[in-house]
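# Remarks on the overall topology
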Amino acid sequence: MDNKSETQKSRISEGEFRHYVFERQELLDETRRFLEQAGYEWKPVDHVGFVQPDFRTKRKAEGRRFEIAGLLRESMDEAVEALIKLSAIRAVNANIDCVLVLPPINEYVLIEFLMDERGRWYFGMKDAKISMWFVNPDNRTTMCVIGGPSDREFLKHFFMSQANFDEYMSMRALHLIQERLMAEEEEDD
């Protein structure tokens, strides 16, 4: 087995659910490479309101300015805290695309997280217009699994750009919406 294969294999955590393990700097470096390839310029990482994102970028196209602010997390265990901060950024500046960057995780873990409490995190991300990207530095791939950028030209740069997790979630969302409505009716009684 060659050195690259050994490195990639060592990054996969074996346990109840397999997931990739990357350090924050590796995720940041690959995110930077990806965004620069898509035509975005790196900006100083100034606070947006009370939150300092891990990265900020901008791109001018067709007379419009697009800006992205993101937070990097190494696992889903850190996702809630990051989503709260990204929501705060969006509250201060609704024109910034906010992104949670994670290494690729097991689909089951993602579904369980998004469906928790009748879809609280999924609907919260959709309402706040927060995107979730899976970044794999070894493969040099970035996949947008939830949401999407306001810069529609940017979509073509994502790995498997036609396969967005939102499509799967929208099928499940109808069931979740029905559950929420029934719960609200029960609370009103």
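The text that follows walks through the structure, step by step, so that each part is easy to find.

## Concerning the pairing of strand S8 (residues 141–146)
Of all the six residues making up S8, six are buried; the element is thus mostly covered by neighbouring parts of the structure. As defined by bridge partners, strand S7 (residues 130–136) adjoins S8 across five bridges and the pair is classed as antiparallel. In the strand pairing of S8, tryptophan 133 is matched with cysteine 144. The hairpin formed by S7 and S8 contains four residues between the paired strands, and arginine 140 there has a positive phi angle of roughly 55°.

## Here's the deal with the side chain of threonine 31
Relative to the helices and strands, threonine 31 is located in helix H2 (residues 24–37). Among residues more than four places away in sequence, those in contact with threonine 31 are Trp42, Phe55, Leu72, Val101, Trp133 and Val135.

## Some points on the sheet that holds strand S5 (residues 64–72)
By definition, the strands of a sheet pair up through backbone hydrogen bonds, in either a parallel or an antiparallel sense. Sheet architecture is open: six strands sit in the order S3-S4-S5-S6-S7-S8, paired in mixed fashion. Edge positions in the sheet fall to strand S3 (41–42) and S8, since each of these pairs with one other strand and no more. Against the sheet, H2 makes contact with S3, strand S4 (55–61), S5, strand S6 (96–102), S7 and S8, and its axis sits at roughly 105° relative to S7, the strand it touches most. Along the sheet, helix H3 (residues 79–92) makes contact with S5, S6 and S7, crossing S6 at roughly 170°.

Definitions and limits used
- Residues numbered from 1 in each chain as written.
- Predicted model: local features only at pLDDT ≥ 70, side-chain atom pairs only at ≥ 80, totals over all residues.
- Heavy atoms only, no water.
- Buried < 20%, exposed > 50% of the residue type's maximum accessible area, 1.4 Å probe, protein only.
- Helix = DSSP H or I, 4+ residues; strand = E, 2+ residues; numbered from the N terminus.
- Pairing = 2+ DSSP bridges.
- Contact = heavy atoms within 4.5 Å.
- Axes fitted to C-alpha atoms, helices over the stretch in contact; angles between N-to-C directions.

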